Amino acid sequence: MIVVTGVSGALGGSILTGLRAVEGMAVIGASSSGDGEAVRHADFDRPRTLEEAFTGAKVLVFVSAGYAEDDVVLARHGAVVGAAAGAGVEHVIYTSLAGSSERLTIALAHRWTEARLAGAPFDVTVLRNGLYAEIAASLALAGLPGAVDGGVFAAPLGAGRVSVVARVDLAVVAVRVAAEAWHDVVAGGERRHAGRTYELEGLSAVGGHDLAAIIAEALGRPVTYAAVPPGAARPALAGMEPYQAGHSISMYANAVAGLLEAKRSDLPAFVESPRPVRDLIAAAVNQAAVGLSAEAAAG
Ligand SMILES: NC(=O)c1ccc[n+]([C@@H]2O[C@H](COP(=O)([O-])OP(=O)(O)OC[C@H]3O[C@@H](n4cnc5c(N)ncnc54)[C@H](OP(=O)(O)O)[C@@H]3O)[C@@H](O)[C@H]2O)c1
């Protein structure tokens, strides 16, 4: 059996759906809100829930639970590693963070978790996920009102470009790796994904000019990009959790430094036709632009 954590989330939910569609696959989801029946109850903040949630799993798809301060995430992830060992899981597949994001503040918890997993008594595959296309889309959406009002898209990206990937493509990789890992465990032969780390970087990078062009297309008029310093973006982050604001500034600084553009990716080895991220961003911008036009028309 395969257990997938975080199934109430977008990534874990997609992985669970994908594995359920694989013929002959026994898979069950686990979530902090699981009822213990259809979805097992696995709350990383309550370690005693975990070993039971992982019981019977030959393969565990461990979806990171990163929305918290680093010390909280480390405690969560350490508990998962300990419980997987206690439950006798044979192969853990962990959704980590891609190499181009190495200097982001969010990388700390991922690399710590990878090190913990490396010392654990089971096989491990690390899926180093690229940054989601939603991150670029949310930057575009944040600058959309300014583009509508003044024809200028302002963002704290400098001249940097960010490699992004469709989350559903990351789920496709996780499904394939988990299914193959399960088959290998059951067959008792060579385990093709054991000890492997896959860099699942996005194949396209987007920067301020690219986002301005997407917005211009949605609005049907020219929009220019204006780079603003990351510090100037701080007031807009005031409503966020403090750790989230810090992570956002770290991302802007990395983009400005030109560090978020990937040089290579293992994605093509798993996904024949990755979703074009420009289309995903454009869809989000188009939808928001329609909403803004309706608001303006209503006065
Ligand atoms: N690569 C990227 O660009 C990127 C961006 C943002 C986040 N991430 C990471 O990728 C993960 C999955 O992304 P997503 O898009 O699926 O996020 P999401 O839809 O917001 O889901 C959040 C995830 O956090 C889990 N979680 C929160 N508190 C938990 C707890 N106490 N115990 C167990 N799980 C807990 C949730 O699992 P439950 O169902 O158990 O609540 C859920 O899987 C995130 O949690 C984060 O670590 C990556």
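Residues numbered from 1 in each chain as written. Predicted model: local features only at pLDDT ≥ 70, side-chain atom pairs only at ≥ 80, totals over all residues. Heavy atoms only, no water.

As annotated in an unreviewed UniProt entry, the protein chain carries the name SDR family oxidoreductase and comes from Nonomuraea maheshkhaliensis.

*Asks:* Can you explain the overall build of the protein chain? Please cite residues and give values.
*Replies:* Counting its secondary structure elements, the protein chain contains 9 helices and 12 strands. Taking 299 residues into account, the globule formula puts the C-alpha radius of gyration at 19 Å, and the protein chain, at 20 Å, falls close to it. Based on the C-alpha atoms only, the size of the protein chain along its principal axes is roughly 60 × 40 × 35 Å. Going through the 299 residues of the protein chain one by one, you find that 50% of them count as buried. A fraction of 75% describes how many contacts in the protein chain between residues 6 or more apart in sequence connect residues 24 or more apart. A total of about 13200 Å² of accessible surface is found on the protein chain, and carbon and sulfur atoms cover 54% of it. (Helix = DSSP H or I, 4+ residues; strand = E, 2+ residues; numbered from the N terminus. Rg over C-alpha atoms; globule rule 2.2 N^0.38 Å. Buried < 20%, exposed > 50% of the residue type's maximum accessible area, 1.4 Å probe, protein only. Contact = heavy atoms within 4.5 Å. Areas by Shrake-Rupley, 256 points an atom, 1.4 Å probe, with all protein chains shown as cover.)

*Asks:* Residue-level account of the packing of aromatic side chains, with values.
*Replies:* The geometry of an aromatic ring pair is captured by the separation of the ring centres together with the interplanar angle, meaning the angle of the planes. Tallied over the full model, the rule gives 4 aromatic pairs. Considering the side-chain rings of Phe 44 and Phe 62, the 5.9 Å spacing of their centres and the 80° angle between planes classify their relative orientation as edge-to-face. Here Phe 62 lies in strand 4 (residues 59–63) and Phe 44 lies in the loop between strand 3 (39–41) and helix 2 (50–54), a separation of 18 residues in the sequence. Side by side, Phe 44 and Phe 62 carry an identical accessibility label, which is buried. A ring pair is formed by Phe 153 and Tyr 225, whose centres lie 6.1 Å apart and whose planes are at 35°; its orientation type is tilted. Placement of the pair is Phe 153 in strand 8 (residues 152–155) and Tyr 225 in strand 12 (residues 224–227), with a sequence separation of 72 residues. (Phe/Tyr/Trp six-rings, centres within 6.5 Å; stacked < 30°, edge-to-face > 60°.)

*Asks:* Any chance you could break down the nonpolar core for me, citing the residues and the numbers?
*Replies:* Formed by 38 residues in total, the largest nonpolar core has its most connected members in Leu 131, Phe 153, Val 164, Leu 211, Ile 215, Val 223 and Ile 281. Going through the elements one at a time, helix 5 (133–150), strand 8, strand 9 (161–165), helix 7 (208–219), helix 8 (242–256) and helix 9 (277–298) are the ones with two or more residues in this core. The element contributing the most residues to this core is helix 5, with 7 residues. Composition of this core by domain shows at least three residues from each of domain 1 (2–130 + 166–200) and domain 2 (133–163 + 203–262 + 275–298). Not counting the four nearest positions on each side in its chain, Ile 215 is found in contact with Ala 140, Leu 144, Ala 147, Phe 153, Val 223 and Val 285. (Core = buried A, V, L, I, M, F, W, Y, C linked by side-chain atoms within 4.5 Å. Domains from an automatic or database assignment.)

*Asks:* Please provide a residue-by-residue account of the site of the ligand, values included.
*Replies:* Surrounding the ligand, one finds 23 residues, the nearest of these being Ser 8, Leu 11, Ser 32, Ser 64 and Arg 167. A distance of 3.1 Å separates a nitrogen atom of the ligand from a polar side-chain atom of Asp 45. Backbone polar atom of Tyr 132 to an oxygen atom of the ligand: 2.8 Å apart, as the coordinates give it. Here the ligand has 860 Å² of accessible area as a free molecule, and 83% of this is covered by the chains. (Near = heavy atom within 4 Å. Polar contact = N/O pair within 3.5 Å; in protein donor to acceptor, adjacent residues only side chain to side chain.)

*Asks:* Quick one: what's the story with the environment of His 41, residue by residue and with numbers?
*Replies:* Assignment of secondary structure puts His 41 in strand 3. Spatially, the C-alpha atom of His 41 lies 9.7 Å from that of Phe 54, the residues being 13 residues apart in sequence. Engagement of the side chain of His 41 in a polar contact is seen with the backbone oxygen of Ser 32, the distance being 3.2 Å. Looking at His 41, its side chain comes within polar contact range of the side chain of Arg 46, at 3.0 Å.

*Asks:* With reference to specific residues and values, describe the sheet that holds strand 6 (residues 123–129).
*Replies:* With respect to topology, 7 strands assemble into an open sheet ordered 3-2-1-4-5-6-10, the strand pairing being parallel. With one partner strand each, in any of the chains shown, strand 3 and strand 10 (196–200) form the two edges of the open sheet. Strand-to-strand, the axes of this sheet are offset by a mean angle of 20°, without reference to chain direction. Of the pairings in the sheet, the one linking strand 1 (residues 2–4) to strand 2 (residues 27–31) comprises 3 bridges and is parallel in character. If you follow Val 4 over to strand 2, its bridge partner there is Gly 29. (Pairing = 2+ DSSP bridges. Axes fitted to C-alpha atoms, helices over the stretch in contact; angles between N-to-C directions.)

*Asks:* So what's going on with the pairing of strand 4? Which residues, and what values?
*Replies:* Burial analysis of strand 4 places 5 of its 5 residues in the buried class, the great majority of the element. Here strand 4 shows no split at all, with Val 59, Val 61 and Val 63 on one side and Leu 60 and Phe 62 on the other all buried. Two elements, strand 1 and strand 4, share 3 bridges in a ladder whose sense is parallel. Residue pairing in the sheet places Val 3 in a bridge with Leu 60 of strand 4. For strand 4 and strand 5 (residues 91–97), the ladder comprises 5 bridges, and the chain directions are parallel. Directly across from Phe 62, in strand 5, lies its bridge partner Tyr 94. Handedness of the β-α-β unit built from strand 4, helix 3 (residues 70–86) and strand 5 comes out right-handed. (Right-handed = clockwise from strand over helix to strand, strands pointing away.)

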